[in-house]
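Listed here are the chains, written in short residue letters.
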Amino acid sequence: MRSIAALAKKYRWPLTGALLGALVFVVLYGVRVLDPTCVDWILNDPSPDPSQHYLGWVFYRRSAVRLPYIGANYSAVYPFRTSIVFTDSIPLLAVLGKLLGPLLPARFQYFGWWGLLCYALQGGLAQAILARLGGVRSGQRARCWATVAGAGVLVFFPALTVRMFAHTALAANWLVLLALWLLLQSDALLPTTGRACVAWGLMGLLCAGIHLYYLPMVGIVLVGYALRRGLQKRGAAAVAAPVLAYCGAALAELVLLGAFAANFAGYSNGYLNGADLANLFVPGLNASWEQDVYIGLGGVLACVLAAAAVLLACVRGQAGRLAAFLRRHRVWTAVLGAVLLLDAAAAMGNTVTLGGHTLCTVNIPQILMDVWAMFSSCARLAWLDGMLLILLACGLLLRLWGGRAAAALLAACTLAQAYGMREELGNRYTKYHAAATYAGSTALQDPAWEELADGGRFRHLAFASFDFEHEEFWDLAAFAADHGWTSNSFYMGHMDGNLAAVTLAGEMNELSPDTLYVFVDEDELARDSFALHYYRLDGILVGSVEPLPYAEEPAPAADARAMDLTLSSVTNGSLTGEGITLESGGEMLTGAWMLFPGTYQVTLTGSGFDHSYIYARHGLINQETYKLEVAFTDIAPEQMTFTFTTGAPLYYWRTAVHTLDDTPVTVTGITVEKTA
């Protein structure tokens, strides 16, 4: 007890920062997310990502173990091998949960406690780093409180708030802070090369076991560490060995997790979504949500106040003291400057954009592009620069102002940071304190589902095609996962959707009696292609090789399905209550469907079709697109109908409508009917 009390006293200020982070988490998200048996708040989320993370873990928990790939998942895309890495399920926690599986309740989630841990570590590490940068000692009470106030700016860091319970593994911003803390405390913590190898090797394990995007961010900090060791003339081993330990540990872990042995994993899409570095300080310059790297109002205020403090010091004749300080710490200045510049280069991608204007595109050797594009949303890497700039600014304020003044200024920055995030914070408070968030909600209400699960006849759930955007998909995947069934379709990060689409269609050539087949939306058009007994449960068409003790679904007089126009991509047009209206130069492209062999009739309703060009196309993603040969059988301004026949599956089939002149064209509905 004395040792615990002594440790608590020694680290009371980092613990205070951690407590601040934990309190913010509890205020925002409440305590019900901490119930490990409560999963409805995850499955009820309108975004599919939380369901992917949780169900990826559930499928993995029930999957067979086949060495050496301890992170392989054989249940999510049965019968193929995937990896827990690509479901963003926080692999380290998933593996631990699998080991403890027999001791855990049937329904178990660790994401709530993970969120609390992230906020606590964010606050605690931010305080420790600020104390180091600000030259604060434990006995300086006012200045210690100032470090806690400054830690609040990082607790409300936008990337942490936005990613929590959205891309939950990406909320581990504390990994970057931990790397910075190791760098800044390296003389005391890592006096020998051996200890440095252990520490950075563990960092490699953490990054690879949480989310791959942290590998380059922490790796850049490690480069800063190696640079410092080089400037200190510690020898080649001191420079290279920790880097090799980091890379080797991460690589070995990824091998064991099955990251390089996963089917359907597409490691590169060949594109880089880079950051506009001006967006660090100016909101709204990001080209997309993924490219938003704004550090927040409080972060910008801290940088402005730090710049003003330096200017004021120079006006007061303290420029010499500042210059002397920089000379004494020239190695640190070079190291942190190198980290900032290297991270900026990595985050920008090969297209350099500043202030919303593209300055140039850099030609990158293909071998480098293939590696770099593994982190295609490379704008995320700018989180390192954003957090480091905030820390440096707050550290300057701590060094240039007295304890109480610095505390007041940093508290103001934290309040400004929270104020700037007020809409996002308010939405999260409302969402996670609403009773409906924790109420059970599933489309599968028919008692027949549980009867099928308990009957023992079925062990597998198979979707007729690869399409996880249907609203019923995640309820069906959850049903399979909860009952220990496999699924043949799931969504993964860096997934080769082309291979998955072709594979799932091919699986329908050999039907199995222990598999329940699901036909969702457009898949119903293919029901006459397979020798199955069909039933409708909660409006969902299912098929079985052997008959079931339920009333069979009679074959419809016409197999017709309406396309969801809200899934269409639209240029120079808008979605209204009536449908999609296209203006001059407008075009729309429907969402993608999978069509099995047969003859189809497509009917478009609306107005202005005599001023439009209509066609259908298909083709795999990022490959050649093929235009279908179609025959128009009904041509009128209010209705257009065309037919076509295909002897092979059509992957990612779409219908397109283009305007031909200034006359608006409105599409109110598109119906696809299989006629033969």
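Residues numbered from 1 in each chain as written. Predicted model: local features only at pLDDT ≥ 70, side-chain atom pairs only at ≥ 80, totals over all residues. Heavy atoms only, no water.

Draft legend 1. Quick peek at the pairing of strand β18 (residues 639–646). Pairing between strand β14 (residues 598–607) and β18: 8 bridges, direction antiparallel. Bridge pairing links Gln601 to Thr643 in β18. Where strand β17 (residues 631–636) and β18 come together, 5 bridges link them in antiparallel fashion. Bridging from a neighbouring strand, Ala636 pairs with Gln639 of β18. Remark: 2 residues form the turn of the hairpin made by β17 and β18, two consecutive strands paired antiparallel. (Pairing = 2+ DSSP bridges. Helix = DSSP H or I, 4+ residues; strand = E, 2+ residues; numbered from the N terminus.)

Draft legend 2. Spotlight on the nonpolar core. Grouped together as the largest cluster of nonpolar side chains are 217 residues, with contacts concentrated most on Trp200 and Trp653. Setting aside chain neighbours within four positions, we find Trp653 in contact with Met563, Gly591, Ala592, Trp593, Leu595, Val602, Ala616, Arg617, His618, Leu628, Phe644 and Val672. (Core = buried A, V, L, I, M, F, W, Y, C linked by side-chain atoms within 4.5 Å. Buried < 20%, exposed > 50% of the residue type's maximum accessible area, 1.4 Å probe, protein only. Contact = heavy atoms within 4.5 Å.)

Draft legend 3. Quick peek at the packing of helix α6 (residues 111–133) against helix α7 (residues 141–155). Packing of α6 against α7 brings their axes to within 8 Å, and their N-to-C directions diverge by 135 degrees. Taken as axis vectors, α6 and α7 run oblique relative to one another. Crossing handedness for the pair α6 and α7: right-handed. On α7, the residues touching Tyr119, Gln122, Gly123, Ala126, Gln127, Leu130 and Ala131 of α6 are Cys144, Thr147, Val148, Gly150, Ala151, Leu154 and Val155. For the contact of α6 with α7, the class distribution of residues is 9 nonpolar, 5 polar and no charged. (Axes fitted to C-alpha atoms, helices over the stretch in contact; angles between N-to-C directions. Parallel < 35°, antiparallel > 145°, perpendicular 65-115°, else oblique. Left-handed = near helix turned anticlockwise from the far one by under 90°. Nonpolar A, V, L, I, M, F, W, Y, C, P; charged D, E, K, R; others polar.)

Draft legend 4. How the structure looks around the side chain of Asn279. Tracing the sequence through the fold places Asn279 in the loop between α13 (236–256) and α14 (297–315). Excluding its chain neighbours within four sequence positions, the residues that come into contact with Asn279 are Gly284, Leu285, Asn286, Gln291, Asp292, Val293 and Tyr294.

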